[in-house]
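Geometric and topological summary
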Amino acid sequence: MLRLFLRRLRPLSGPSGRLSTRSARSSSGFPAPDMPAAWVRRNFLDYFREKHGHRLVPSSPVRPRGDPSLLFVNAGMNQFKPVFLGTADPRSEMASYRRVVNSQKCVRAGGKHNDLEDVGRDLHHHTFFEMLGNWSFGDYFKEEACCMAWSLLTEHYGIPADRLYVSYFGGDAAAGLPPDEETRHIWLEIGVPPARLLPFGLKENFWEMGDSGPCGPCTEIHYDHVGGRDAAALVNADSPDVVEIWNLVFMQYNREGDQSLRVLPRSSVDTGMGLERLVSVLQGKRSNYDTDLFTPLLHAIHQVSGAGPYGGRTGAADRDSVDMAYRVVADHLRTLSVCIADGVHPGMSGAELVLRRILRRAVRFCVEVLQAPQGALASLVPTVTHTLGDVYPELLRESDRIMDVINENEAHFLSSLQQGSRLILRTLNRKDYKHGDFPAAVAWSLHRDLGFPLDLVDLMLEERGVQVDRPALDRLIAQNQKVKSDPQPGVQSALTLDVLSLAELQRLRVPHTDDSLKYQYRLDQDRYVFPACSATVVALYDGQALVSEVSEGQRCDVILDQTCFYSEQGGQSHDLGYFTRDTLQDVLFPVEAVVLAGGYVLHQVTATDRLKTGDQVQLHLDQVHRLSCMVNHTATHLLNFALRKVLGPSVQQRGSHVSADRLRFDFSVKSSLSVSQLQQVDSCVSEIISANQIIHSEEIPLQTAQSIGGLRTVDEVYPDPVRVVSVAVPVSDLLDDQTNRQTSVELCCGTHVLQTGDIEDLLIVSERQMVKGISRILAVTGRDATRAREQGQVLAQDVDSLTARISGSAPSSLDSAQRLAKEVGVLSDAVDNTAIPQWQRRELQSRLRSLQRTSNTAVRKLETREAAVRAQTLLEKNGRKEVQVDTVETDSLSVVMKTVNQLSAAAPHSLVMLLAHQRHSGKVLCACQVPKDSPSLSASDWAVAVCRHLGGSAGGSVLVAKGTGSSDDISEALRWAEDFARQKMRRDVEG
């Protein structure tokens, strides 16, 4: 049977087989330099699509779809997780996948798979790469997968079989797993010599999706770059001469929560082959960077840099790390281009933070090592889009935006470099700095706050002959990781059906949940009427397995034959409410969460009484919560439409979330919206609400829906048929193309109001750039919007009143000036933190900043005047003594400092310290200044000693310092301060 299958796999002879033409040409001599990367990629896809009936699925974006466990898509199988786990919507195209092939954009930087620091040091590590893969979901298995892979490599690509080695799973007695003899026999039948067929253990040849979930043995094909020898000992030995090129994973088990393994009801195949490595093999290159995936980019880098041409050197041979810099810039620019095109921008957390580090590493090597001018990095983007744009067209569409984001972030980083250099120098020049051991807290601040890669911090310190306190820095890093990884208190993990339980439901022929009632509400005399719902418990899941009964206090998922509850999806929060048993109407089962998995709606509850399959229940929807979500979801559609109308068609939705109290909307835009733009968006939405337009919704075939002009979609897997939601224009008119009217029309599974007037009002209360190029809007509706407008009016009146007082007559005393300045601060806090129209917030903030400058200037003038009076009084009292320690009557530390400064100017050879008793707090304020040529005492030492004596703290420089403490006897403090200074002076004289 296997031999028959192999014969079917052999390429067609003659002109009818395009693949075989190239194979015949390459078989005369290998490698074949005339195999460009684009041809290699295309022929991989064509081989599986045309010869073996696979469906070609486009690459998903590198931002994972609804998978918080990943920062980036890092393997071809990521987008197919719902299929492996059985959670795909049965109405979606994905649920019908059986044989699939694709080339997936992948990023490995941060998280479990982190190649960032290795990139550039060798010739094969990358942060971005393309993963070629073919999948079988319950279709073919080991035999077909192995035969297809061997035929493609040896016959179509022409790789000599004597250069290939195959590894397989050799079993693990401790885990109770036998050797994968089935796969071994398949390879022997194909013709792989026994000496080239090598068993390995769990680490090398058993693949797992995570701590739990589908898993299984894998078999890998390895290539020997040298050839003509027995290289079996070099397989899986980290040899650069013998490399893995293709991994075939056979998912046949499920890893349970207790780490046991259960056989899956349906076996699958998941294969992955890195395009960059395959191309290097086919083009006869030992380095991925010598292939045509990288050579155009390396040549372009040379054109914009001040360095010599790329030489491919590594390690000690790579003098001044120039070739390493070439590789870093080439790799990182590809990653930046792909990520930014997919909506991931450099930022401060998660994937955005990783991308910021990648960009800054690229900038550093580009500017410092390759001596390229600022802006050179972004100028290389067209070379990337030319290389990858044919297969990933979003790169061509987003080319200008990619360059803008890179240029803006580069400029910001170069500015941060100067700031960081100043911080390092300031730290090294501090008198309390211990020579040779740079403070870990400062190094961590450079990394966390200014975005410095830690190796850059090390390099900058090394140039100054110092090193960071490594043990202390490692502790800070570990603490940061612990904070990130610790679960949030009070957050319970959701119970989700595992793949085996889903398969068991299907085996038992439990029908998918009918949740159509969630849409069957109506208006009756301006009130929304929601349908009653009676249902039967068809299944219970306790977090481990399906059970027939749960008892009081037990958390579980309840699956009903039908429901009126909305499950969380499409960015809309799940419904709230409760259900009761028909036989126990007074016992409520509150629904904590509603989740959709594989066509089943899971109602998560903590049982308040016994519950079993077959029980009849009545569902009670929290109608206020649902209606609020409906209002906010429709408002989100109107906001999306208004933003596009005001800002232009380049606006792309990057995420949204609808809850009962507000809506959140993320979108691509170069910079924050102006006051005028915010007002225009508010006005556009208000007009649609006032017009009380009808909301039309209809379920139609997905392909039909995608032909609608002006349709707004996001990166989601849509069901088929799909629900279309349109404002004012019936869906049938959109399909018949009977209107050119611009309106909001989206594919959406959410629940919506039936007319826009029910929204009443929408108001943007916050808009800010989350990362450069991505803004986030928060908005409220209905009464919350009305309240926010009223609060805005009140605050505007307060600002008007304060403006009149400050711009009137100048304050007569320092106290009154300080009170006005404090009022400005309090009002600024209120404007910053109160829900008011965002356009109004911006206007009021601008006015308050001006008022703050005016009031601060008035305070400084009065402080200077008061300090002059105090200083003159003290001079008349004390003259120009060598040590002047005295009190001054004021509540302001700034006045104390200014008085000290004026005294020191009048008596430049005196050591001056003044203390003041602050009336309202009881604190003692302290400030001092010493002459520039004072060898015996520094101001910071003096202030620290005195304030510690007073139970407080102080800080400053050699010349000037200040601090606070507390004391009931300020006379004693004065004596102690003067004695301390005189003792220091005496020791200096005696020394």
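Nothing here was measured: the structure is a model prediction, and the numbers come from that model.

**Some remarks on the domain arrangement of the protein**
- Per the domain assignment, the segments of the protein are domain 1 (37–292), domain 2 (297–430), domain 3 (499–621), domain 4 (694–754), domain 5 (786–860) and domain 6 (879–990).
- Between the C-alpha centres of domain 2 and domain 6 the distance comes to 51 Å.

**Things to note about unusual backbone geometry**
- Of note, the amide linkage connecting D720 to P721 takes the cis form, showing an omega dihedral of 5°.
- Summarising the element assignment, P721 is placed in the loop between α22 (702–705) and β26 (722–727).
- Of note, D238 is a non-glycine position whose phi angle comes to about 60°, a positive value.
- Note that D238 resides in the loop between β7 (213–224) and β8 (242–255).
- Classification of D238 by relative accessible area gives exposed; the value is 79%.
- Within the chain, N692 stands out as a residue other than glycine whose phi angle is a positive 50°.
- Mapped onto the elements, N692 comes out in the loop between α21 (675–690) and β25 (695–700).

**What about the sheet that holds strand β32 (residues 923–929)?**
- The strand order across the open sheet built from five strands is β30-β31-β32-β34-β33, with neighbouring strands paired in mixed fashion. The two strands at the open ends of the sheet, each matched to only one other strand, are β30 (883–887) and β33 (953–956). Strand-to-strand twist of the sheet, defined as the mean angle between neighbouring strand axes without regard to direction, takes the value 10°.
- The strands touched by helix α28 (residues 939–949) are β30, β31 (911–917), β32, β33 and β34 (960–966); relative to β34, the strand with the most contacts, the crossing angle is about 0°.

**Things to note about the pattern of salt bridges**
- What the rule picks out here adds up to 43 salt bridges.
- In this structure, the salt-bridge partner of R99 is D139, at a minimum N-O distance of 2.9 Å. You can see R99 sitting in strand β2 (residues 99–107) and its partner D139 sitting in the loop between β3 (128–137) and α5 (142–156), a full 40 residues away along the chain.
- On the accessibility criterion, R99 (24% relative accessible area) is partly exposed.
- By relative accessible area, D139 is classed as partly exposed at 37%.
- Across the pair R870 and E866 runs a salt bridge, and its minimum N-O distance is 3.2 Å. With a gap of four residues between them, R870 and E866 both fall in helix α26 (residues 838–878), about one helical turn apart.
- Salt bridges linked by common partners bring R581, D609, K612 and D615 together as one network.

Cut-offs used in this document
Residues numbered from 1 in each chain as written. Predicted model: local features only at pLDDT ≥ 70, side-chain atom pairs only at ≥ 80, totals over all residues. Heavy atoms only, no water. Domains from an automatic or database assignment. Helix = DSSP H or I, 4+ residues; strand = E, 2+ residues; numbered from the N terminus. Buried < 20%, exposed > 50% of the residue type's maximum accessible area, 1.4 Å probe, protein only. Pairing = 2+ DSSP bridges. Axes fitted to C-alpha atoms, helices over the stretch in contact; angles between N-to-C directions. Contact = heavy atoms within 4.5 Å. Salt bridge = Lys/Arg side-chain N within 4 Å of Asp/Glu carboxyl O.

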